[in-house]
Amino acid sequence: MDKTGRYEFMAEPFHCDFSGRLFMGHLGNHMLNAADFHSTARGFGMQYLMTIQRSWVLSRLAIEMTEMPRQYAKFQVETWVESAMRYFTSRNFAVVGDDGRTYGYGRSIWAMIDTETRQPTDIYAIDNGAIEQWIVKDKECPIDKGGRVKMSDQAALVRTIDTYYNDVDINGHINSVKYIEHVLDLWSMNWYTEHHVRRFEIAYVAEAHAGDRLSFYQEQTGEGEYCVRIVRTDGTETCRAKVAFA
């Protein structure tokens, strides 16, 4: 079996925005699905981990796109493991069209947790460290890894929302992609007629659950660059995001 997985998707029309291009949130879903397909086929996916009270949780995700696929376009999400340590693993993505064009790339960091204690657990304890045989060290992912999203205390509260059933994923917390959608909803339709997302980064800090209220603090940090901090009901920061528009 190849170390790199390749999975075909289509930009379905109801997954596209008013411009006829795939929503960033749906692209994020495709990447996470590709990650699950890849890991499951190689013996360290969610299907197996759930039987031993383990689960993957997304820690960081960066997506950088030259353009988004148009509706009905078929494309592949390629994914491979770049590195692994005791508690974290790095996984990359490439979004490639049927015509050979590369739409963009993604980088992600994942932690394995104990589903009962919710604490990080040793990745190498799974099947005697079998993940090591799937690491690809010589495949390029030419986008920045990103880093800590830095914000000042001057960020303005711009929105507070409630969370419900549709916000929650298989791990019982607010879905990683839902955060992406909620962040991108902070800008108006008019804004998106003149701008598109060039790069999106998000770093997850703490879990939130159904019923939590999420408060969004926004700050412009550069030309076309904005940072967002999300805080749950009890004041705990759940994640930070950085959006670069073109």
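Residues numbered from 1 in each chain as written. Predicted model: local features only at pLDDT ≥ 70, side-chain atom pairs only at ≥ 80, totals over all residues. Heavy atoms only, no water.

Trainee: A description of the layout of surface pockets should follow, citing residues and the corresponding values.
Mentor: Approximately 620 Å³ is the volume found for the largest pocket. In terms of lining residues, the largest pocket is bounded by 23 residues, among which Asp17, Leu22, Phe23, Met24 and Tyr192 are the most central. Every element with two or more residues in the lining of the largest pocket is listed here: α1 (24–41), α3 (176–184) and α4 (189–194). Among the elements that line the lining of the largest pocket, the one with the most residues is α1, at 3 residues. Class assignment for the residues of the lining of the largest pocket results in 11 nonpolar, 7 polar and 5 charged. A volume near 510 Å³ is recorded for the second largest pocket. Taken together, 25 residues form the lining of the second largest pocket, with Leu32, Asp36, Met46, Trp110 and Ile170 sitting closest to its centre. If you list the elements that add at least two residues to the lining of the second largest pocket, you get α1, α2 (46–49), β2 (54–65), β4 (88–97) and α3. Counting residues per element, the lining of the second largest pocket draws most heavily on α1, at 6 residues. Among the residues making up the lining of the second largest pocket, the classes are represented as 13 nonpolar, 9 polar and 3 charged. (1 Å grid on protein atoms, 1.4 Å probe; cavity = no way out; pocket = protein on both sides within 12 Å on 5 of 7 lines; lining within 4 Å. Points joined across faces, edges and corners; volume = space filled by probe spheres on them. Helix = DSSP H or I, 4+ residues; strand = E, 2+ residues; numbered from the N terminus. Nonpolar A, V, L, I, M, F, W, Y, C, P; charged D, E, K, R; others polar.)

Trainee: Quick one: what's the story with the sheet that holds strand β9 (residues 225–231), residue by residue and with numbers?
Mentor: Strand order in the open sheet made by the 10 strands is β1-β3-β4-β5-β2-β7-β10-β9-β8-β6, with antiparallel pairing throughout. Single-partner strands in this sheet number two, and they are β1 (5–10) and β6 (156–162). The sheet shows a mean angle of 25° between the axes of neighbouring strands, direction not considered. The pairing of β2 with strand β5 (residues 102–114) spans 11 bridges and is classified as antiparallel. Paired with Met65 across the strands is Gly104, a residue of β5. Where α1 meets the sheet, it contacts β1, β2, β3 (74–84), β4, β5 and β7 (197–204), and its direction lies at approximately 145° from that of β1. Against the sheet, α3 touches β2, β6, β7, β8 (213–222), β9 and β10 (237–245), its axis set at about 130° to β7. (Pairing = 2+ DSSP bridges. Axes fitted to C-alpha atoms, helices over the stretch in contact; angles between N-to-C directions. Contact = heavy atoms within 4.5 Å.)

The values reported here are purely geometric and, on their own, carry no functional implication.
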